[in-house]
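# Survey of secondary and tertiary structure
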Amino acid sequence: MLNKIEFSLPQKIEIAVTTKLREFANREVIGRIWNKDAAVWTGDDENKWLGWLEIVEQESDDSDKYSTLAQDVKDFESIVLLGMGGSSLCPEVMSVTFGKDQFHILDSTVPAQIKTLESKIDIAKTLFIVASKSGSTLEPNTFKQYFYKLVSDAVGSEKAGKHFIAITDPGSKLEKVAEDDGFRHIFCGDPSVGGRFSALSVFGMIPAAAMGLDAKDFLNRAMEMVHACKSHVPMENPGAFLGAVLGICHQKGRDKLTIFTSPELYDVGAWLEQLIAESTGKQGVSILPVDREEHLSADEYDDDRIFAYLKLKDSSDVSTDEKIELLGSEGFPTVTIELKDKENLGQEFFRWEFATAVAGAIMDINPFDQPDVEAAKIEAKKITSAYEETGKLPSEKPFYEKEGIKLFTSDEYLASLNKLVGEEKSLANYLESHIKHIQEYDYFAVLGYVEMNSENENLLQEIRHYVLNRELCATCLGFGPRFLHSTGQAYKGGENNGVFLQITSDDAVDFDVPEQKFSFGVVKAAQARGDFQVLLDRKRRALRVHLSENVARDLRTILSLLYGN
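This report concerns the structure included in the present document.

Reading the values: rules and limits
Note on numbering: residues in each chain are counted from 1, in written sequence order. For this predicted model, a pLDDT threshold of at least 70 governs which residues receive local features, and a threshold of 80 or more governs which side-chain atom pairs are given and counted, while totals over whole chains, interfaces and linings are taken from all residues. By convention in this description, side-chain values take in all heavy atoms of the structure and omit both hydrogens and water. Comment: elements are numbered from the N terminus, with helices defined as DSSP H or I runs of at least four residues and strands as E runs of at least two. The contact criterion used throughout is that any non-hydrogen atoms of two residues lie within 4.5 Å. Only the protein chains shown count as covering a residue, and every accessible area follows the Shrake-Rupley method with a 1.4 Å probe. Neither His nor the chain ends is counted toward charge; the positive residues are Lys and Arg and the negative residues Asp and Glu. A charged residue contributes its charge at one atom only: NZ of Lys, CZ of Arg, CG of Asp or CD of Glu. Stacked, tilted and edge-to-face are the three classes assigned to paired rings of Phe, Tyr and Trp, where Trp is represented by its six-membered ring and a pair needs centres within 6.5 Å; plane angles under 30 degrees give stacked, over 60 edge-to-face, the rest tilted. Type-normalised accessible area, obtained with a 1.4 Å probe on protein chains alone, sets the label of each residue: buried when under 20%, exposed when over 50%, and partly exposed for intermediate values. In this analysis an axis means a line fitted to C-alpha atoms, helices contributing only their contacting stretch, and an angle means the value between N-to-C directions, from 0 to 180 degrees. Angular relationships are summarised with four words: roughly parallel below 35 degrees, roughly antiparallel beyond 145, roughly perpendicular across 65 to 115, and oblique for the angles in between. Left-handed is the label given to a crossing in which the near helix is rotated counterclockwise from the far helix by less than a right angle, and right-handed is the label when the rotation is clockwise. Residues are grouped as follows: nonpolar covers Ala, Val, Leu, Ile, Met, Phe, Trp, Tyr, Cys and Pro; charged covers Asp, Glu, Lys and Arg; every other residue, Gly included, is treated as polar. A pair of strands is considered paired only if DSSP assigns at least 2 bridges between the two. The term salt bridge refers to a pairing of a side-chain nitrogen on Lys or Arg with a carboxyl oxygen on Asp or Glu at a separation within 4 Å. Helix span, as expected, comes to 1.5 Å for every residue beyond the first. Polar contacts, as counted here, are pairs of nitrogen or oxygen atoms within 3.5 Å of one another; within protein the pair requires one atom able to donate a hydrogen and one able to accept it, and residues that are adjacent in sequence qualify only if both atoms are side-chain atoms. A crossover counts as right-handed when, viewed with the strands pointing away from the observer, the path leading from the first strand over the helix to the second turns clockwise. Residues grouped as a nonpolar core are buried Ala, Val, Leu, Ile, Met, Phe, Trp, Tyr and Cys residues, joined through side-chain atoms within 4.5 Å.

### Re the overall build of the chain
Per the secondary structure count, the chain includes 22 helices and 16 strands. In terms of overall dimensions, the chain has C-alpha extents of about 65 × 60 × 45 Å along its principal axes. Intrachain contacts of the chain at a sequence separation of at least 6 include 79% that bridge at least 24 residues. Element-wise, carbon and sulfur atoms account for 46% of the exposed surface of the chain, whose accessible area totals about 21,200 Å². A distance of 3 Å separates the average location of the 62 positive side-chain charges in the chain from that of its 91 negative side-chain charges.

### Some details on the packing of aromatic side chains
The relative placement of two aromatic rings is captured by the distance of their centres and the angle of their planes. Per the stated rule, a full pass over the model turns up 33 aromatic pairs. Aromatic pair Trp-52 and Phe-197: ring centres 5.1 Å apart, planes at 35°, arrangement tilted. With Trp-52 in helix H3 (residues 52–61) and Phe-197 in the loop between strand S6 (185–188) and helix H10 (202–210), this pair connects stretches of sequence that are 145 residues apart. Here the two residues Trp-52 and Phe-197 agree in accessibility, since each one is buried. Relative to Phe-483, the ring of Tyr-449 lies with its centre 5.7 Å away and its plane at 65°, an arrangement referred to as edge-to-face. A residue pair is termed long-range when its members are at least 10 positions apart, and Tyr-449 in the loop between strand S13 (443–448) and helix H19 (454–471) and Phe-483 in the loop between strand S14 (474–479) and helix H20 (488–493) qualify at 34 residues.

### Section: unusual backbone geometry
Here the amide bond leading from Gly-480 into Pro-481 is cis, since omega sits at 5°, within 30 degrees of zero. Tracing the sequence through the fold places Pro-481 in the loop between S14 and H20. Even without being glycine, Asp-364 reaches a positive phi, approximately 60°. Assignment of secondary structure puts Asp-364 in the loop between helix H15 (345–362) and helix H16 (371–390). Taking relative accessible area as the criterion, Asp-364 reaches 53% and is therefore assigned exposed. Here Glu-403, not a glycine, exhibits a phi torsion of approximately 50°, which is positive. Here Glu-403 shows up in the loop between strand S11 (400–402) and strand S12 (405–408).

### Re the packing of helix H5 (residues 89–97) against helix H13 (residues 268–280)
For any two helices packed against each other, one specifies the inter-axial angle together with the distance between the axes. Where H5 contacts H13, the two axes come as close as 8 Å, and the packing angle between them is 165°. If you check the angle between H5 and H13, you find them roughly antiparallel. Taken as a pair, H5 and H13 cross one another with a handedness that is left-handed. Touching Leu-89, Cys-90, Glu-92 and Val-93 of H5 are Val-268, Ala-270, Trp-271 and Gln-274, all from H13. When grouped by side-chain class, the residues that make up the contact of H5 with H13 number six nonpolar, one polar and one charged.

### Observations regarding the pairing of strand S7 (residues 256–261)
Buried residues dominate S7, accounting for six of its six residues. Residues Lys-256, Thr-258 and Phe-260 line one face of S7 and the alternating positions Leu-257, Ile-259 and Thr-261 line the opposite face, and both faces are buried. Bridging between S7 and strand S8 (residues 288–291) involves four bridges; their strand directions are parallel. Across the sheet, Lys-256 pairs through a bridge with Leu-288, a residue of S8.

### Some remarks on the packing of helix H1 (residues 11–27) against helix H12 (residues 238–251)
Running from amino to carboxyl end, H1 crosses H12 at an angle of 125°, the nearest separation of the two axes being 9 Å. Relative to H12, H1 is oriented oblique. In this structure, H1 crosses over H12, and the sense of that crossing is right-handed. Every residue of H12 that contacts H1 at Ile-13, Ala-16, Val-17, Lys-20 and Leu-21 is listed here: Ala-240, Phe-241, Ala-244, Val-245, Ile-248 and Cys-249. Taken together, the residues that form the contact of H1 with H12 break down as ten nonpolar, no polar and one charged.

### Section: the pattern of salt bridges
Counted by the stated rule, this structure contains 43 salt bridges. Close ionic contact of Lys-176 with Asp-180 constitutes a salt bridge, the shortest N to O distance being 2.8 Å. Linking Lys-176 with Asp-180, this pair stays in helix H9 (residues 173–180), spanning four residues, or about one helical turn. A salt bridge links Arg-292 to Asp-291; the nearest nitrogen and oxygen atoms lie 3.6 Å apart. Here the salt bridges do not stand alone but share partners, grouping Asp-217, Arg-221, Lys-340 and Asp-341 into one network.

### With respect to H19
For H19, which comprises 18 residues, the first-to-last C-alpha distance of 25 Å matches the rise-based estimate of 26 Å (1.5 Å per residue) to within 8%. Residues of H19 that are buried include every one of Asn-456, Leu-459, Leu-460, Gln-461, Ile-463, Arg-464, His-465, Tyr-466, Val-467 and Leu-468, and no others. Note on H19: the residue one or two positions beyond its end, Leu-472, has a positive phi of about 55°.

### Things to note about the side chain of Asp-107
Structurally, the position occupied by Asp-107 is in the loop between strand S3 (103–106) and helix H6 (111–120). On the basis of relative accessible area, Asp-107 is assigned to the buried category, the value being 4%. A polar contact is formed between the side chain of Asp-107 and the side chain of Arg-482, at a distance of 3.0 Å. Residues in contact with Asp-107, not counting those within four places in the same chain, are Gly-83, Met-84, Ser-88, Glu-92, Phe-143, Pro-481 and Arg-482.

### Observations concerning the sheet that holds strand S2 (residues 78–82)
Taken in spatial order, the five strands of this open sheet run S3-S2-S4-S5-S6, and their pairing is parallel. Looking at which strands have only one partner, the edges of the open sheet turn out to be S3 and S6. Each adjacent strand pair in this sheet contributes to an overall mean axis angle of 20°, direction not counted. Taken together, the four bridges between strand S5 (residues 164–168) and S6 define a ladder with parallel strand orientation.

### Details of the pairing of strand S15 (residues 498–505)
Among the eight residues of S15, eight are classified as buried, and the element is accordingly described as predominantly covered. Judged by which residues are buried, S15 turns out to be covered on both faces: Gly-498, Phe-500, Gln-502 and Thr-504 on one side and Val-499, Leu-501, Ile-503 and Ser-505 on the other are all buried. Bridging between S15 and strand S16 (residues 541–547) involves seven bridges; their strand directions are parallel. Paired with Ser-505 across the strands is Leu-547, a residue of S16. After leaving S15, the chain enters helix H21 (residues 520–537) and then returns to the sheet as S16, a path that is right-handed.

### Some words on the nonpolar core
If you look at the biggest cluster of nonpolar residues, it comprises 96 residues, and the most contacted ones within it are Met-94, Phe-350, Trp-352 and Phe-354. Among the elements that take part in this core, H15 stands out by supplying eleven residues, more than any other. The residues contacting Trp-352, other than those within four sequence positions of it, are Leu-242, Leu-246, Leu-257, Trp-271, Leu-272, Leu-275, Ile-276, Ala-308, Leu-310 and Ile-337.

Limitation: the analysis is restricted to geometry and does not speak to function.
Given below as structure tokens:
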């Protein structure tokens, strides 16, 4: 049974969507997508990245490997996935949605977060899944080096490999490492399936099977949506219709896709963020996903919003139902999707992948590349290379410092801040000046390179929601470095309508990466500084606040200063 979907669209948008879908029918766009015609988009290399269209059928035909794996790993006490972006977000959503508490995700180089995870598991009884398409991604490789040494120390080097599984593309560096180290299993993906479109490939389904889910049933349910999205009648194609709504709303200036979910599905937005932001945020345009933002009243939202609500049938969350209905009646475009049960989540993975591809066609972009992600990696690599040569990070000088809190930005943006700060240079006034740079239809993003724990998240959310309620603009919160492989593409490559508050900190604990000349703290610092430099290079309005190792205390200081203004 297909998940239900309902739309409420203002008349002008509804007419434009209908017109676009008729155009699609005349140009046979749906058939051309399935025939992998790159000219549907920009005519560049899109045809090389469309393996996700057939991946559900391929994995269904080869689904016995999932049940075999589930039996093979059932005696491990814990499972840890080491990955980033498309290799980690789907497994995270699955583990959270299905309550698999023994399954953990590591997608952070923050030393404190690595140590927190380590404290939750018995190394000798844990299975590690190293997931990286390219096999050369910095984070999962350093994670593997660290935990492989710990496992070797715990069970002996001759047995360590049997505690590891690799998921990677054939011929990658990781495949060679896994072979040399005697990994328990090596699963190879399809090179034509990009990371953020890989949820229904081995990158999503191997972790699902390992955590005890019925991958075969999950894929069979997803297949219903695949068949529905093959319809050459765009008005009857659930993925094409949603994509047309997203693309047309973007053309009409509604470029902030605000995601609501029922409580049972709250983590789905993390996966949608990457899919939509990294696919559409480039060449100066973007559909910006806004996840986990608290609700405003209908009259407080700007007309740059479109709302998507993913709900579980029979969910107790009636308040959001009422909210979405009111927003629709007030002229906001809304999309409501109802899942029969959690096992139908795979249908939404495919629907939104297809819709994102369609929206990209309307936006005249290549939705399958991520050019600005690479820019931040290059800057981070410069910093780690400098550290390897000199044994220290390149020097930097804050433009303001008091009580252990430091501020950084470009000379150009500092001049703009100082115009509003006036004579009294203070942390409170600089924060106030930064927020005052938010203009109509802008968004505000908090980028936290700190441990992703409940205390820090709540405090960063409070900063975010202070700005939301004060400025009534769209707001985002991302933890680094994970967002670099997600919304970071849109922040740097999309429209220049973001105001960014990056938050970094000293490390209370740090430790070396085995086989490397640097520590995890150095990696984290390089990633944060590289990310910030690219934001400044792209002329973004960005302020970096560097805290002491007492992160929660300093975040409370910032909040007290904000509310004092």
